[in-house]
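Inside the fold
The chain contents come next:
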Amino acid sequence: MAPAPVARVVVAASLATVRAAGGAGGGRGKGGGGGGARGKKSTGGGGTKGSNKGGGTATKKKKASGGSDAAKKKQPEQDEQQQQQQQQTAVRDPPVNRKILEGKFDALVFDDSSKGTDVFAMDAPHVPPAATTLEDRLFFERKGHACIRNVLTQDEARSMAVALIRETRTRTLLAYKHRVSVLCPPGAVDVDAIESEEDAMRAIERYSDEEVGFLQTFNIHRDNYVAGEDDSSNDDSSKNTAVSGDSTSDGIKECAGYIMSRRLARIAAELLGADENEGDRVRLYQSCVFVKPPGFGETNWHSDANMVPLDTNRFVTLWLPLRPLQEDDAALVFASGSHRDFALPYWHTLEGMEDLESRGYDIESYEPLDLGDLTAHAGWCLHWSPPQPEDAPPRHALSVCYFLDGARRLTGREGHLRQVPHEEDEWSYGDWLADVKAGEVARHPALPVVYP
């Protein structure tokens, strides 16, 4: 779990014409919780060999240039006024959530004790007292990312992967609908009317000039507590949680146990600098299973925190591959130090951030990754992922995001924000946003404490 120093691989990739969808926002594409993508359909770019920094063998990567330029949308003229209104609104509350009705929960009375699980034993012989080393924490603080090896045993990781992939497959159509909602202009497609993956791809082909970079399944763990609600609180099946008949309550509970594991959350706590002696607690923000089928495009440069309606810097994402990843697989690539580049989003407009070549970021990645390994990145760290090769199997990965308890929901008052949170993850934060008033501490059953 905290092994010998890991080789850091630097990829010599151009950042020219890359839009920083992360430290700064930008474009409609991500995006969130670990991955997100909108790339132009004509993306290409050969790989370049990286230099060998810190030991290890440099890998080949696709060039990271141009993939994040906001593509021009085939936007109907009647939607322009609606878009302008959305841009003028600081934080837009979604429609009343069908699963957690507005006003249902009172922060003073719901059970806010830790829901972290010990499905991965904390006291097993192979688990050290600390989840990370001092070197890991210093590297993470300096670079904005780190790799922790052997967090899980092969058997633990394999069991988790089987359960998560099984449940994700029952939600495949939902994941395609989410891509339609993100990639197509607002109002162009009735997402609820899509009945097949082919319908979704036809809609994207017709209304978007951008490729599909991944499929994203949100918050399987939340279904565990929602399943216990009576039917009166959920008259209609939510588009956010509809699954096929192959999903089972036992399967959902198993997945929730893995996602809410205290062994994983302890890594997040240590990287966030949480102090148990001071009463610090860590909350689970969201989980996602990202799938990159063969031939799917790149994931654009972005930062996860840009999709998060929380006023905080204490945010971290753990990214765990659900099968061993080799050099040609689409792992995450990081812009080192970008999480500390305060001047970028402070001084520059979105147009001004299209060319990041002069920022001088080292572009780093970690390959290969085995089952049980994970990478971690700070909320504002820019990251990217290349296309998945046509001749490779699908790449599945679990992304789990955490934040330090005490973060407040962003205020929605006009003039108080330079920009608004990106909407790509609205399907996720819609579960709690309407229940937490602007400016209040974000405490909600959908944001459970998982550590200590």
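Conventions adopted
- Here the residue index of a chain counts from 1 through its sequence in written order.
- Only residues with pLDDT of at least 70 are given local features in this predicted model, and only at 80 or more are side-chain atom pairs given and counted; all residues enter the totals for whole chains, interfaces and linings.
- Hydrogens and water molecules were not included; the side-chain quantities draw on all heavy atoms of the structure.
- By convention in these notes, a salt bridge is any Lys or Arg side-chain nitrogen within 4 Å of a carboxyl oxygen on Asp or Glu.
- For the purposes of this entry, the term helix denotes a DSSP run of H or I that reaches at least four residues, the term strand denotes a run of E that reaches at least two, and both are numbered from the N terminus.
- For every residue, the accessible area obtained with a 1.4 Å probe (protein chains only) is divided by the maximum for its type, and the residue is called buried under 20%, exposed over 50%, and partly exposed between those limits.
- Ring pairs shown here join Phe, Tyr and Trp side chains whose ring centres sit within 6.5 Å, with only the six-membered ring taken for Trp; geometry is labelled stacked below 30 degrees between planes, edge-to-face above 60, and tilted in between.
- The convention used is that axes are lines fitted to C-alpha atoms, helices contributing only their stretch in contact, and that angles between N-to-C directions extend from 0 to 180 degrees.
- Here is the rule for angles: anything less than 35 degrees is roughly parallel, anything more than 145 is roughly antiparallel, 65 through 115 is roughly perpendicular, and the remaining ranges are oblique.
- Left-handed describes a crossing whose near helix is turned anticlockwise from the far helix by less than a right angle; the clockwise case is right-handed.
- Throughout, a contact is declared for two residues whenever any of their heavy atoms are within 4.5 Å.
- Under the scheme applied here, ten amino acids are nonpolar (Ala, Val, Leu, Ile, Met, Phe, Trp, Tyr, Cys and Pro), four are charged (Asp, Glu, Lys and Arg), and all others, including Gly, are polar.

1. Points about the pattern of salt bridges
- Considering all chains together, one arrives at 19 salt bridges under this definition.
- Between Arg149 and Asp373 there is a salt bridge, with its nearest N and O atoms 3.0 Å apart. Taken together, the positions of Arg149 in the loop between strand E5 (145-148) and helix H3 (154-169) and Asp373 in the loop between strand E13 (362-365) and strand E14 (374-378) put the pair 224 residues apart, joining distant regions of the chain. For the pair Arg149 and Asp373, a shared accessibility class is recorded, and that class is buried.
- The closest approach of N and O atoms between Arg443 and Asp405, which form a salt bridge, is 3.1 Å. Separated by 38 residues along the polypeptide, Arg443 in the loop between helix H10 (426-429) and strand E18 (449-451) and Asp405 in the loop between strand E16 (395-404) and strand E17 (408-409) bring together distant segments of the chain.
- On the accessibility criterion, Asp405 (18% relative accessible area) is buried.
- What emerges from the salt-bridge pattern is a single network uniting Asp112, Arg281, Arg283, Asp405 and Arg443.

2. Things to note about the packing of aromatic side chains
- Counting across every chain of the model gives 9 aromatic pairs.
- Between the aromatic rings of Phe214 and Phe290, the centroid separation amounts to 5.4 Å while the plane-to-plane angle is 70°, which identifies the pairing as edge-to-face. On the criterion of sequence distance, the pair formed by Phe214 in the loop between strand E6 (210-212) and strand E7 (215-218) and Phe290 in strand E8 (residues 282-292) is long-range, its members being 76 residues apart.
- On the basis of an interplanar angle of 85° and a centroid distance of 5.0 Å, the ring pair of Tyr346 and Trp347 is categorised as edge-to-face.
- What makes Tyr346 partly exposed here is its relative accessible area of 34%.
- By the ring-pair criterion, three or more aromatic residues cluster together here, those being Tyr285, Phe315, Phe403 and Trp432.

3. Notes on the packing of helix H4 (residues 172-183) against helix H5 (residues 197-207)
- Two elements in contact, H4 and H5, have axes separated by 9 Å at closest approach and are oriented at 10°. Taken together, H4 and H5 sit at an angle that is classed as roughly parallel. By crossing handedness, the relation of H4 to H5 is classed as left-handed. In contact with Thr172, Leu173, Tyr176, Arg179, Val180 and Leu183 of H4, H5 contributes Glu197, Ala200, Met201, Ala203 and Ile204.
- For the contact of H4 with H5, the per-class residue count stands at 8 nonpolar, 1 polar and 2 charged.

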